[in-house]
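If you want the building blocks of each chain, they are given just below.
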Amino acid sequence: MDEREIARVRAQLEDFAAGVFAGLRRSDQRATGLRYLRGLMLDGRRKSMQPMAGRLGVDHQQLQQFLTSSTWDVAGVRRRLAAAAVDLVAPQVWVVDDTGFPKDGKASACVARQYSGTLGKVANCQIAVSVHAATDAASAVLNWRLFVPESWDDTCVPGPDGKPANAHARRLRQQPVTRDQAGAKKPHVRVQVPPAEQIDQIRRRRTASKVPDAERYRPKWLMALEMLDELAVWGLRPPLLTADAGYGQVAEFRQGLTERGISYIVATTSSTTAQPGDAQPVEVPYAGVGPHPTPKYPHPARSLKDLALAHGADAARLVRWRARLPAPDRDPDRPVGDLSGHFFALRVRPAGRAVRRGPHRGDDGVLPECWLLVQWPPGQDEPSDYWLSDLPADTPLAELVRLAKSRWRVEHDYRELKTALGLDHFEGRSWIGWHRHVTLAAAAQLFLTQLRLARPKAVGQT
């Protein structure tokens, strides 16, 4: 948006900012918050502090101090934003996802060489986990967390017994071999740093970036559950939750949703194991010593791919789930058609070690039953996508497909936040500065969403 467009919606923006920053006690903080929102929405390639300050005509130190050393409560702003987003969007689903922020240096909070699905490779980046409220017409971010890699947590360094104090820490995997110019195998040799030196380096980095002592490495799926718990404390609960396979393949994540009473439809991998829906455990003979054994299934669990192949491609039928979005250069008078694919669904009982040990496994040995949704493109030798869902057994196939495909809106959120609102332009190094910047970027996006829903053809709202 340019200055003229900002001026046109000035009254709405001031009312919006008054609600978002209502918990800020000082008037100068509320004024700077409004100014920062304007800076994020104004046209310009970079939305870091100096370029924004130049466009706003203020000293960039004012913006920097507001993000990094001012005393305002970012959690309170997030809470008010989340409540406003749910009221505005009226979501059909909540979406859990994560995104990467490429970085050049090593000083930004929690930056490390790690895999980013956004980048499609291992790179030097930060990773953020987020929760979104979504419908086909609108979406908004509800919560953010910056992922803490193992290299930023001194409790992940193995102790004298070879085990890290952090129970979630992964064991170091042996590095794969590489090949020299002659094609011979050349082992990758990692420089071994003494544990005491590793701990000292990590603590210095955490102190420099002001990472709170309570923030430690834990898997992204556990971070997502923590954010859902925080949103529940704020009085917000999802109508249904969806996520990609990075979360859906984790049995502990699905069980965590069930324990919280949250229905889900989540993508998973073809290697996830399950029993057929009609499988029944059988009694195991008692040996006469110790407790009576729990009944067990007579056959080993099979992969979802094997179950789908046994069901057969002929079972898949065409399902249309929503209208295509019109391309920018398309004739608006021409119909855009529907998104469609071939699917089938069957009842299964997910298995695996985590499920067997879970709280929902009864004394009778019966595994909980759920839906397996499969997408199998015509002419392909095997399915392309798999989802698991605990929706009721009478849920129609078309409804399962529509809900499974509803997480597409999160990509719109990330694209708008990064390309238009400078989500990944923050150049500061502090933990609190990062969380405040992304919270304000989410606030700017929510305001634009509010304008779009009120005036779909408003200038500058794309």
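For the structure itself, consult the block above.
What counts and how
- Residues numbered from 1 in each chain as written.
- Predicted model: local features only at pLDDT ≥ 70, side-chain atom pairs only at ≥ 80, totals over all residues.
- Heavy atoms only, no water.
- Helix = DSSP H or I, 4+ residues; strand = E, 2+ residues; numbered from the N terminus.
- Polar contact = N/O pair within 3.5 Å; in protein donor to acceptor, adjacent residues only side chain to side chain.
- Contact = heavy atoms within 4.5 Å.
- Salt bridge = Lys/Arg side-chain N within 4 Å of Asp/Glu carboxyl O.
- Buried < 20%, exposed > 50% of the residue type's maximum accessible area, 1.4 Å probe, protein only.
- Arc of directions from axis to C-beta.
- Pairing = 2+ DSSP bridges.
- Core = buried A, V, L, I, M, F, W, Y, C linked by side-chain atoms within 4.5 Å.
- 1 Å grid on protein atoms, 1.4 Å probe; cavity = no way out; pocket = protein on both sides within 12 Å on 5 of 7 lines; lining within 4 Å.
- Points joined across faces, edges and corners; volume = space filled by probe spheres on them.
- Nonpolar A, V, L, I, M, F, W, Y, C, P; charged D, E, K, R; others polar.

**Focus on the side chain of T135**
Here is step 1 of the chain: Along the chain, the position of T135 falls in the loop between β3 (121–134) and β4 (139–146).
Here is step 2 of the chain: A polar contact of 3.1 Å, which involves the side chain of T135, links it to the backbone nitrogen of A137.
Here is step 3 of the chain: With sequence-adjacent residues up to four places away left out, T135 is seen in contact with V89, A90, P91, Q92 and R409.

**As for the pattern of salt bridges**
Here is step 1 of the chain: One pass over the full model with this rule turns up 20 salt bridges.
Here is step 2 of the chain: The shortest N-O distance in the salt bridge between R407 and D97 comes to 2.6 Å. Of the two residues, R407 is situated in the loop between α13 (397–404) and α14 (409–419) and D97 in strand β1 (residues 93–102); the sequence distance between them amounts to 310 residues. In this structure, R407 and D97 share a single accessibility class: buried.

**Section: α13**
Here is step 1 of the chain: Buried within α13 are the following residues: L397, L400, V401, L403 and A404. Buried positions in α13, seen along its axis, are confined to an arc of 170 degrees and lie on one side of it.

**Quick word on the side chain of Q445**
Here is step 1 of the chain: By the secondary structure assignment, Q445 is in helix α15 (residues 431–454).
Here is step 2 of the chain: At a separation of 3.3 Å, a polar atom in the side chain of Q445 contacts the side chain of E416.
Here is step 3 of the chain: Once residues lying within four places of it in the same chain are set aside, the contact partners of Q445 are S139, A140, V141, D413, E416, L417, L421 and R452.

**A short note on the pairing of β4**
Along a regular strand, successive side chains alternate from one face of the sheet to the other.
Here is step 1 of the chain: Within β4, eight of the eight residues are buried, which leaves it mostly tucked inside the rest of the structure.
Here is step 2 of the chain: Linking two consecutive strands that pair antiparallel, namely β3 and β4, is a turn of four residues.

**Considerations on the nonpolar core**
Here is step 1 of the chain: Among the nonpolar cores identified, the biggest contains 111 residues, and L37, W94, W144 and F253 are the most heavily contacted of them.
Here is step 2 of the chain: Considering each element in turn, this core owes the most residues, twelve residues, to α15.
Here is step 3 of the chain: Sequence-distant contacts of W144, defined by excluding residues within four places in its chain, comprise R78, A128, V129, S130, M227, Y414, L417, L423, W434, H435, V438 and A442.
Here is step 4 of the chain: With 14 residues, the next largest nonpolar core counts L307, F344, V348 and W376 among its residues.

**Description of empty space enclosed by the protein**
Here is step 1 of the chain: For the structure shown, the criterion picks out two cavities of 30 Å³ or more.
Here is step 2 of the chain: Quantified by volume, the largest cavity comes out at close to 50 Å³.
Here is step 3 of the chain: Among the secondary structure elements, those contributing two or more residues to the lining of the largest cavity are α6 (74–89), β4 and α15.
Here is step 4 of the chain: Here the element with the most residues in the lining of the largest cavity is β4; it accounts for four residues.
Here is step 5 of the chain: Each residue belonging to the lining of the largest cavity can be placed in one class, and the counts come to six nonpolar, two polar and one charged.
Here is step 6 of the chain: The calculated volume of the second largest cavity comes to roughly 40 Å³.
Here is step 7 of the chain: If you trace the second largest cavity, you find it lined by K103, S108, A109, Q126, F426, G428, R429, S430 and W434.
Here is step 8 of the chain: Across the lining of the second largest cavity, the residue classes break down as three nonpolar, four polar and two charged.

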